[in-house]
Amino acid sequence: MLSLKGLYVKLGQVLSVTALPVPEPYRVLFRTLQRDVPGWETFEDVVKPVPEEELSRNGKCFEDVFEFVDPIPCGAASIGQAHRARLLNIPNTSNTTTIINSNDNDNSRITNRDVIIKVQYPNAKWQVPADINCIRGILSICVYTGIVDKTAANLSFREFSNQFLLELDYENERRNLQTVYKSSLDVNAPYLRRGVVVPSVHEEYCTKKIITMSYLPGPKLEDEARRQLKSLGVDLSKGIKSVIKDATQDASKNDDPTASKTETQNHANPASYAVPITRFIERVIGFDTVFNLIRSSRRAYLLTQASIAHAIDISPKILTPPALQSWATNHSTAYSQAHQ
């Protein structure tokens, strides 16, 4: 999944916590995608040109905005990666004036000029929709073979695809971050009382593909949550999901006198055969084969598009409707996409 990148990383994250019958060895590996995703692209050749181009459109020069940008990403996700940076100057309209002392990194003093710049990968805009179409195809196969219920699969896929497409909207993310930051400044809100700090946004240096926000040093949320749960004596050896599941089952047994009857009925439910079928796929076919099938399907889909686009391009323009010409132009990069 790491080699497939993009949507497949997000799919692995979802499969690590889904209720679907995913084999435990795969679920364990999928959990690593929640936090250990490497930076995909080289900074100078791929990542840096994105903010350079985006800022230039707003009449700003990259070198005039940032004193430095760390080429090593401090975090990476399925559609972008984040880098520590330092602004040359703080704009007058900037929200943050906080100075933080920290010994987390080589800089012992973190000022309000220290920021995080989140950069969207240049190919994410076309790659995500193409990958979603491939996932739709493989999910249809799962429905056909009875691995998953059709209604549940459609609902899950719709939610998954809508959420992932929304992640491409950095402007919406910026607005949400600004809203949360402003609410955190309310003296009546619980943020200040509980010591919760929210990063502020440098709106002047945000675009459709980059978000610049204040840098807040500290442990990751997951690490701190685990530390606090462990201090309360909660056994986390089987994962957070297992803790929640056990607590839910205990509550259900205590509150639902018909639980045993429901459990008996579930064995007669056709959906209960999903687990044996999934185990069969794991042992005979292999999930690696399934994921390779996804990749091959995506490539075949793009090559088909490329062939159709080429046929339209070489056809006489007078015989080709404008809508087809526009479609061919929009899919002119399908061939290069298929070989990436």
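So what about the overall build of the chain? Which residues, and what values?
Counting its secondary structure elements, the chain contains 16 helices and seven strands. Counting the 340 residues in the chain, one finds 34% classified as buried. Long-range pairs, those at least 24 residues apart, make up 64% of the contacts in the chain between residues at least 6 apart in sequence. Of the roughly 20,700 Å² of accessible surface on the chain, 56% is carried by carbon and sulfur atoms.

Lay out the packing of aromatic side chains in plain terms, naming residues and giving numbers.
What the rule picks out here adds up to three aromatic pairs. Measuring from centroid to centroid gives 5.2 Å for F62 and F66, while their planes differ by 50°, and the two rings are tilted. Each member of the pair, F62 as well as F66, is classed as buried. Both rings, one in F66 and one in Y205, keep their centres 6.5 Å apart while their planes meet at 50°; by these two values the pair is tilted. Here F66 is found in strand β1 (residues 66-69), whereas its partner Y205 is found in the loop between α9 (190-193) and β7 (210-214), with 139 residues between them in sequence. Members of the aromatic cluster, joined through ring pairs, are F62, F66 and Y205. Sitting over the ring of Y215, R84 keeps its end group 4.1 Å from the ring centre.

Explain the pairing of strand β3 (residues 80-87) residue by residue, including any values.
Taken residue by residue, a regular strand's side chains alternate between the two faces of the sheet. For β3, the tally of buried residues reaches eight of eight residues, placing the bulk of the element in the interior. Residues G80, A82, R84 and R86 of β3 are buried on one face, and the alternating residues Q81, H83, A85 and L87, pointing to the opposite face, are buried as well. Looking at chain direction, β1 and β3 are connected through three bridges and run antiparallel. Considered in β3, the bridge of F68 is made with R86. Relative to β3, strand β2 (residues 75-76) runs antiparallel, the two sharing two bridges. Counterpart to A76 in the pairing with β3 is Q81. Hairpin connection from β2 to β3: three residues lie between these consecutive antiparallel strands. Relative to strand β6 (residues 114-120), β3 runs antiparallel, the two sharing seven bridges. In the strand pairing of β6, R84 is matched with I116.

Can you lay out the nonpolar core for me, pointing to particular residues and giving the numbers?
Of all hydrophobic cores here, the largest spans 31 residues; its most connected members are F30, I79 and V128. Only α1 (7-15), α2 (24-31), α6 (124-144), α7 (150-167), α8 (170-184) and β7 provide two or more residues apiece to this core. Sorting elements by how many residues they give to this core places α6 first, with five residues. Core analysis: the next-biggest nonpolar cluster, separate from the first, contains 15 residues, V50, V65, L87 and I210 among them.

Please set out the pattern of salt bridges residue by residue, giving values where relevant.
Counted by the stated rule, this structure contains nine salt bridges. Where D114 meets R86, a salt bridge forms, and the shortest distance between an N and an O atom there is 2.9 Å. On the criterion of sequence distance, the pair formed by D114 in strand β6 and R86 in strand β3 is long-range, its members being 28 residues apart. Classification of D114 as buried rests on a relative accessible area of 1%. Residues joined in a network through salt bridges with shared partners are E44, K48 and E52.

Outline α2, listing residues and values.
Residues of α2 that are buried: Y26, R27 and F30. Projected onto a plane normal to the axis of α2, the buried residues spread over an arc of 100° and lie on a single side. Away from its buried face, by an angle of more than 90 degrees, α2 presents the exposed residues P25 and L29.

A description of the environment of Q127 should follow, citing residues and the corresponding values.
Take Q127: it is sitting in helix α6. Sequence-wise, Q127 and I79 are 48 residues apart; in three dimensions their C-alpha atoms are separated by 9.3 Å.

Which residues make up the confidence of the model for the chain, and what are the values?
On average, residues of the chain score 75 in pLDDT, and 69% of them reach the 70 mark or higher. By mean pLDDT, the top-scoring element of the chain is β7 (94), and the lowest-scoring one is strand β4 (residues 100-101) (46). Low confidence marks residues 93-107, where pLDDT is under 50. Its contacts with residues over four positions away, or in another chain, come to 35 contacts. Confidence drops under a pLDDT of 50 for residues 260-275, and excluding neighbours within four residues, the segment shows six contacts in the predicted structure.

Talk me through the side chain of Q120; I want residue IDs and the actual numbers.
Along the chain, Q120 turns up in strand β6. Taking the relative accessible area as the measure of exposure, Q120 reaches 4% and is therefore buried. What Q120 contacts, discounting residues up to four positions off in sequence, is V50, I79, G80, L168, Y170, K208 and K209.

What counts and how
- Once a new chain begins, its residue numbering starts again from 1 and follows that chain's sequence as written.
- With the structure being a predicted model, the display of local features is reserved for residues of pLDDT at least 70 and the display and counting of side-chain atom pairs for 80 or more, all residues being used for whole-chain, interface and lining totals.
- The side-chain quantities take in all heavy atoms of the structure and omit both hydrogens and water.
- A run of H or I in DSSP becomes a helix once it reaches four residues, and a run of E becomes a strand once it reaches two; helices and strands are each numbered from the N terminus.
- Summary of the burial criterion: residues with accessible area below 20% of their type's maximum are buried, those above 50% are exposed, and those between are partly exposed, where the area comes from a 1.4 Å probe applied to protein chains only.
- Contacts between residues were defined by any pair of non-hydrogen atoms, one from each residue, lying within 4.5 Å.
- The Shrake-Rupley method, run with a 1.4 Å probe, gives the accessible areas here. Residue values count only the displayed protein chains as cover.
- Each aromatic pair joins two rings of Phe, Tyr and Trp (for Trp, the six-membered one) with centres within 6.5 Å, and gets the label stacked for planes under 30 degrees apart, edge-to-face for over 60, and tilted for any other angle.
- In our convention, an over-ring charge means Lys NZ or Arg CZ found within 6 Å of a ring centre and within 35 degrees of that ring's normal.
- Pairing between strands is defined by DSSP: at least two bridges between them are needed.
- Residues grouped as a nonpolar core are buried Ala, Val, Leu, Ile, Met, Phe, Trp, Tyr and Cys residues, joined through side-chain atoms within 4.5 Å.
- Each reported salt bridge corresponds to a side-chain nitrogen of Lys or Arg within 4 Å of a carboxyl oxygen of Asp or Glu.
- By definition, the arc is the one covered by directions from the helix axis to the C-beta atoms.
- Values of pLDDT, ranging from 0 to 100, describe the predictor's confidence in every residue of the model.

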